[in-house]
There are 2 protein chains.
Amino acid sequence: MNHPMAAAVGDKPFDLVLKNAQFVNVHTEEIYRADVGIAGGRIAHVTQPEEDGLSALDGGAVYDCANRFLLPGFIDTHVHIESSMMTPANFARTVIPHGTTTVLADPHEICNVLGVEGIDYCAEAARDILLRVFLAVPSCVPSLLGAESNKMVFGPAEIARMLAMPGVLALGEVMDYMGVINRDPRMIAILDEALQAGKMVQGHVIDVTSRQLSAYMAAGVESDHESRTLADAVMKLRAGMTLECRYGSTAQNVPVEAEALALLNYPVNATLCTDDREPDDLLRRGHIDEALRQAVRAGMSPVKAVQLATRNAALFLGQKDIGALRPGARADMVLVNDLHDFTVEAVFIGGRLCAENGRLTAPFPSPALPIESRNTMNIKGALSRDDFTIPAQGDSVRLNGVSLRNGDPFMTKLVQTTFAVRNGCAAVGDGADFVTLAVVERHNATGNVAVAPLRGTGLRRGAIAGTVAHDSHNLFVLGKNPDDMLAAALRLVESGGGFAAAENGRVVAEVPLPVCGLMSVHPVEALAAEMAALKRTVNDMGIVGGSPVHMLTWFCLPVLPEVRLTDKGLFDTVRQKPLPLYVPAE
Amino acid sequence: MNHPMAAAVGDKPFDLVLKNAQFVNVHTEEIYRADVGIAGGRIAHVTQPEEDGLSALDGGAVYDCANRFLLPGFIDTHVHIESSMMTPANFARTVIPHGTTTVLADPHEICNVLGVEGIDYCAEAARDILLRVFLAVPSCVPSLLGAESNKMVFGPAEIARMLAMPGVLALGEVMDYMGVINRDPRMIAILDEALQAGKMVQGHVIDVTSRQLSAYMAAGVESDHESRTLADAVMKLRAGMTLECRYGSTAQNVPVEAEALALLNYPVNATLCTDDREPDDLLRRGHIDEALRQAVRAGMSPVKAVQLATRNAALFLGQKDIGALRPGARADMVLVNDLHDFTVEAVFIGGRLCAENGRLTAPFPSPALPIESRNTMNIKGALSRDDFTIPAQGDSVRLNGVSLRNGDPFMTKLVQTTFAVRNGCAAVGDGADFVTLAVVERHNATGNVAVAPLRGTGLRRGAIAGTVAHDSHNLFVLGKNPDDMLAAALRLVESGGGFAAAENGRVVAEVPLPVCGLMSVHPVEALAAEMAALKRTVNDMGIVGGSPVHMLTWFCLPVLPEVRLTDKGLFDTVRQKPLPLYVPAE
């Protein structure tokens, strides 16, 4: 701290002086003209309103803010980097020009694929990428014990080991909230590890009563990002839970949460987060800057919105050197055109200009890591077309299956259907809007393959396979015929994962995600283009809507209502028990 | 957490239900009627506004709040318990009925007397006294290296060892702010220990420029409690410093700080503290409850004032289980009549009723500790009347001395005076409003005794001695004649310290402070009566005003302007160098 101290009192020059900023004071909510002196990567001095500007002689370099608004760097308090389908380095390249300088990342997805090695990879991959990445230890790996196969089960011992890693601030979103509320010993033991380690605990809780919420909070959970209604947000804020106001690609709760915050005098227990955001949204719409725009559009006072993304987030994360441009803090700063559009014009990290007008300007060394070239697909034996058929005898067979409700992948129900039998297999593809859905275990070569009918996707021909399949990220394939299913699946086995669409026995579109089957090695522009091409193909094949690929990734998650298919078979997620594929004769 | 969780969802009864509270929500700033369920010493549930009350059947016991206002327990973020002249146990007995449930204590005074053993004693003495006592490690022991003798010099090694003690949250107020701003290596090393240990650093900074303040903050200092002017408070809040708004016995900055907070939209970086508060003030006027009253009287919004004393304080201290009545938090609660008078009607700590209507109701075991019966007076040889005279030859002698400015003990100046010589000694007592001031080293039997003339106290006869003498707490004596000075001093050497007044060779009033010469073993009522009697005697002897004893304790502190007397002699505190007693011939 010697350098900023010396510069503050004029004993040494500043490294950089930002002149003529409209300084947004996140403590006092004032906006006033100020100069900011930087030294040693830290804020050395911010002129007070009645004070003369810092002389040009004081600093080695001068940056003229030209009366634009200077804010602390933005903080995302809850994000799964894997949802961007980019490596941490490429994610950083994408979000920094949008003003994000710190994230708390929960590597939940990659840990389902790699186990503890997943968080090791994230810690390693987050080094020297300008973006400050803190980590949360995934609390629910797998999402539901026994219902699906993933790489590794995290128990209290693994959790404790990961909590002790440098850069780990929190236990990640405790999604098994009913387990916690019911005082499930394994979940309570996991929470106890976090509390004993002095770590913050992030939550994820939906549709509970206020007394259930109290039990969840009494277990030590501090935050939530799932408020879909005004009443829910109000209840949580009143209880003292930190509301992580979310603006993701699909789940966008900021508008209703903004209403709650305005109603409740903008309590300090609120932050912004994105949770899951797709590459093209990050590229074209932004990250926390977009959440700020939406918050202000929803009626939130602009400076209050900035507080969510900066000061409140830093308080929540317990980090004193970010979230406010106070002397001694890291010089992570964002210059925006105004407090309505939040167009990011310049981003400084550690006092260094890193992005201007939406483009990264800092050199960005990011050596490839061994894991990024490892094929993690580990399937027992060779797949064949028989893996994607449902054997049956006689003329017809009655099967249990999954049916979408109104095309919403988050809500499904059980459907029982009678299919004709041809060549010893159920002719599922013949059914109205039916496809065959298959899930192939891909982590430990167990040989598990489950198949079931799926209704309501709209797919009319061909097949689509993917390895992004929450939360186990096994290989899923859905298709009208086993040959296309096999072609799509084999491509992913070979490439290490991603998405592939096949027709007439050959692959017609593809997004390789070779890093654990979750992430591309390409930067956002190339990845977004690949994704756009795939979406067009999938739309052509009959799955309509703007997120035709994203919707496919939810068919396997055994904690979403009501019926899902995992590698172990059909699963009734409400009663939490397996369902048979073949409907028993009455 | 099993018990509060089970009670929250109705699986087990609450231990206690508070019914019909006007619940002051420190998150949302709302006030609404609520019931509060307690289990296992924790908040298990607080009913939401639209929710039915908790059934009496749900709880083992019921306490009817009768529509009075329920607040979280009050937190004092900066207090020197020794200033109450009470042991931690008696301090706790006194402040709990006023609603204080947590303090951050800086045992600065006792550490000057006992060294590291002082903080050990405080940690031990703070166990099982209902009040939650966190500790700050004193950063400036002694106040000015080399200028005075105390028990032990704290360097980085001692600081590091104390920072690692359980219950230690902070490095205590860094009073040598000019040392820090000038990057004194010893102070920077001490601060670095705190930052490396991840501890918060409390400040104490007066009359600096905004750039000096930046240097001080860049060194890692987070807070301050010395804002005497609106401009100073505004400057510090804007810089992001935490303003610990102080309402002590003498220093009462809350009114001007309340004005600053209202002006700056009540930033969250503000708390309440008392710093130094005398026993009779604690007894008769209160503690943080009095600070709240004064804040509201100064125009602060009542709920905002409560936030300072609860939520903001907990955020500042980094303590998640206090400061708000949220599920899982400690059930430390205060019931007040209204949000103007803040008359404390009931206090609950850990869910247990501990005080009602100003009286402690909980049993209070507090075994005496060995240190409390140890006489810490360690003076070389026997004192004699010669120790309190200034030898001189000839008819007269010209001496340097200390002069009060307008009776303000915090501001002194140098005075040079010619005294008659009688019997080989300067006849200081003959001078107009002059007394002899002596300081006797009392920690390490060095034999240091310094004597000098002192003008402006008003003392007309007799002598007063004391062992509360900031910060070294050596034995000071001031008097009109050496016999009375000796009598007063000898009494304190014998009793282990405190204050004594003597006339005609015998002690006429006394407050024994046998615990390190700083603290009484008596409870507040007895101590306040003793202090009142002493004050009357001292007033009779000629020292006017309401704090005649308190003013005496500042004559030795070598960091107050401009001239002080330490055991090493006269000291020019502005130029930071010793002064000769005898004015050299020109």
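See above for the structure.
Here the residue numbers are simple positions, counted from 1 along each chain's written sequence. Here the convention is simple: chains get letters from A, ligands get numbers from 1, in the order in which they are written. Restriction of local features to residues with pLDDT of at least 70 applies here, the model being predicted, together with a cutoff of 80 or more for giving and counting side-chain atom pairs; totals for whole chains, interfaces and linings are based on all residues. Each side-chain value is derived from all of the structure's non-hydrogen atoms; neither hydrogens nor water enter the calculation.

(A) Region of the structure containing the overall build of chain A. A tally of regular secondary structure across chain A gives 15 helices and 29 strands. C-alpha atoms define the radius of gyration, and 2.2 Å times the number of residues to the power 0.38 defines the globule rule. Taking 2.2 N^0.38 as the reference for a compact globule, 586 residues should give roughly 25 Å; the C-alpha atoms of chain A span a radius of gyration of 25 Å, in line with that estimate. On the principal axes, the C-alpha backbone points of chain A span a range of 90 × 50 × 40 Å. Only protein chains enter the accessibility calculation, which uses a 1.4 Å probe. A residue is then buried if its area is under 20% of the maximum for its type, exposed if over 50%, and partly exposed in between. Buried residues in chain A amount to 65% of all 586 residues. Residue contacts follow a heavy-atom distance rule, with two residues in contact if any of their heavy atoms lie within 4.5 Å. Looking at chain A alone, contacts between residues at least 24 apart form 67% of all its contacts between residues at least 6 apart. For the accessible areas, the method is Shrake-Rupley and the probe is 1.4 Å, while residue cover comes only from the protein chains on display. Summed over all atoms, the accessible surface of chain A reaches about 19400 Å², with 50% contributed by carbon and sulfur. Neither His nor the chain ends contribute to the count of charged residues, in which Lys and Arg are positive and Asp and Glu negative. To locate a charge, take NZ of a lysine, CZ of an arginine, CG of an aspartate or CD of a glutamate. With 50 positive and 67 negative side-chain charges, chain A shows a separation of 3 Å between the mean positions of the two kinds. Here a helix means four or more residues in a row that DSSP labels H or I, a strand means two or more in a row labelled E, and each is numbered from the N terminus.

(B) Seen up close, the sheet that holds strand β10 (residues 200-203) of chain A. All names here are of chain A. In short, DSSP must find at least two bridges between two strands for them to pair. Strand order in the open sheet formed by five strands is β6-β7-β8-β9-β10, with parallel pairing between adjacent strands. A single partner strand is all that each edge strand has here, and the edge strands are β6 (74-79) and β10. In this sheet, neighbouring strand axes are inclined to one another by 30 degrees on average, regardless of whether the strands run parallel or antiparallel. Lines fitted to C-alpha atoms define the axes here, with helix axes fitted over just the stretch in contact, and angles between the N-to-C directions of these axes take values from 0 to 180 degrees. Sheet contacts for helix α7 (residues 185-196): β9 (168-174) and β10; angle to β9, the most-contacted strand, approximately 155 degrees. Lying over the sheet, helix α13 (residues 302-317) contacts β6, β7 (100-105), β9 and β10, oriented at roughly 50 degrees with respect to β6.

(C) Broad picture of the interface of chain A and chain B. Listed as interface residues are 57 residues of chain A and, on the opposing side, 57 residues of chain B. Simply put, the buried area is the total loss of 1.4 Å probe accessible area from both parts when two parts are fitted together. Note on chain A versus chain B: buried area summed over both sides is about 4600 Å², and carbon and sulfur give 53% of it. On the chain A side of the interface with chain B, the three residues burying the most area are M5, R211 and R238 of chain A, jointly 18% of the side's total. We define a salt bridge as a side-chain nitrogen of Lys or Arg found within 4 Å of a carboxyl oxygen belonging to Asp or Glu. Counting across the interface, chain A meets chain B through eight salt bridges. The salt bridge partner of K320 of chain A is E222 of chain B, with a shortest N-O separation of 2.9 Å. Counting of polar contacts relies on pairs of N or O atoms within 3.5 Å, with two restrictions inside protein: one atom must be capable of donating a hydrogen and the other of accepting it, and residues adjacent in sequence are counted only when both atoms are side-chain atoms. There are 24 residue pairs in polar contact (both at pLDDT 80 or more) connecting chain A and chain B. Secondary-structure elements contributing two or more residues to the side of chain A that touches chain B are α1 (2-8), β3 (42-46), α6 (177-181), α8 (210-218), α9 (230-239) and α13 of chain A. No other element matches the seven residues that α8 of chain A contributes to the side of chain A that touches chain B. The residue classification treats Ala, Val, Leu, Ile, Met, Phe, Trp, Tyr, Cys and Pro as nonpolar and Asp, Glu, Lys and Arg as charged. All others, Gly included, are polar. Of the residues belonging to the side of chain A that touches chain B, the class tally is 30 nonpolar, 14 polar and 13 charged.

(D) Quick peek at helix α2 (residues 88-95) of chain B. All names here are of chain B. Across the eight residues of α2, seven count as buried, placing the element largely inside the fold. Turning to α2, its buried residues number three or more, namely P88, A89, N90, F91, A92, T94 and V95. In the core, the buried residues of α2 are packed alongside β6 (74-79), β7 (100-105), α4 (116-125), α11 (279-284) and α15 (524-540).

(E) Up close: the packing of α8 of chain A against α9 of chain A. Residues and elements named next belong to chain A. Taken N-terminus to C-terminus, the directions of α8 and α9 make an angle of 45 degrees; their axes are 11 Å apart at the nearest point. What the angle tells us is that α8 and α9 run oblique. The interaxial crossing formed by α8 with α9 has right-handed handedness. Facing S210, L213 and M217 of α8, the residues of α9 in contact are M235, K236 and A239. Looking at the contact of α8 with α9, its residues break down into four nonpolar, one polar and one charged. Orientation is classified from the angle alone, with under 35 degrees giving roughly parallel, over 145 giving roughly antiparallel, 65 to 115 giving roughly perpendicular, and any other angle giving oblique. In a left-handed crossing the near helix is turned counterclockwise from the far helix by less than a right angle, and in a right-handed crossing that turn is clockwise.

(F) Structural context of the relation of the copies chain A and chain B. By a simple turn and slide, chain A fits onto chain B: the slide is 0.0 Å along the axis, the RMSD is 0.1 Å, and the turn is 180 degrees. Both copies of the chain, as the preceding transformation shows, are related through a two-fold rotation axis. Counting the interface residues of chain A, we find that 100% of their copies in chain B are interface residues as well, pointing to one common contact surface. Least squares is used to superpose the copies, and the fit set is the C-alpha atoms of residues whose pLDDT is at least 70 in both copies.

(G) Geometry of the pattern of salt bridges. Residues and elements named next belong to chain A. Per the stated rule, a full pass over the model turns up 56 salt bridges over all chains. Of the charged contacts in the structure, one is a salt bridge between D35 and K19, with a shortest N-O distance of 3.1 Å. Of this pair, D35 sits in strand β2 (residues 31-39) while K19 sits in strand β1 (residues 14-24), and the two are 16 residues apart along the sequence. Neither residue differs from the other here; D35 and K19 are each classed as buried. Residue R461 pairs with E503 through a salt bridge whose shortest N-O separation is 2.5 Å. Placement of R461 in the loop between β22 (449-455) and β23 (463-466) and of E503 in strand β25 (residues 498-503) is noted, with a sequence separation of 42 residues between them. Each member of the salt-bridge network shares a partner with another, and the members are E226, R228, R246 and D275.

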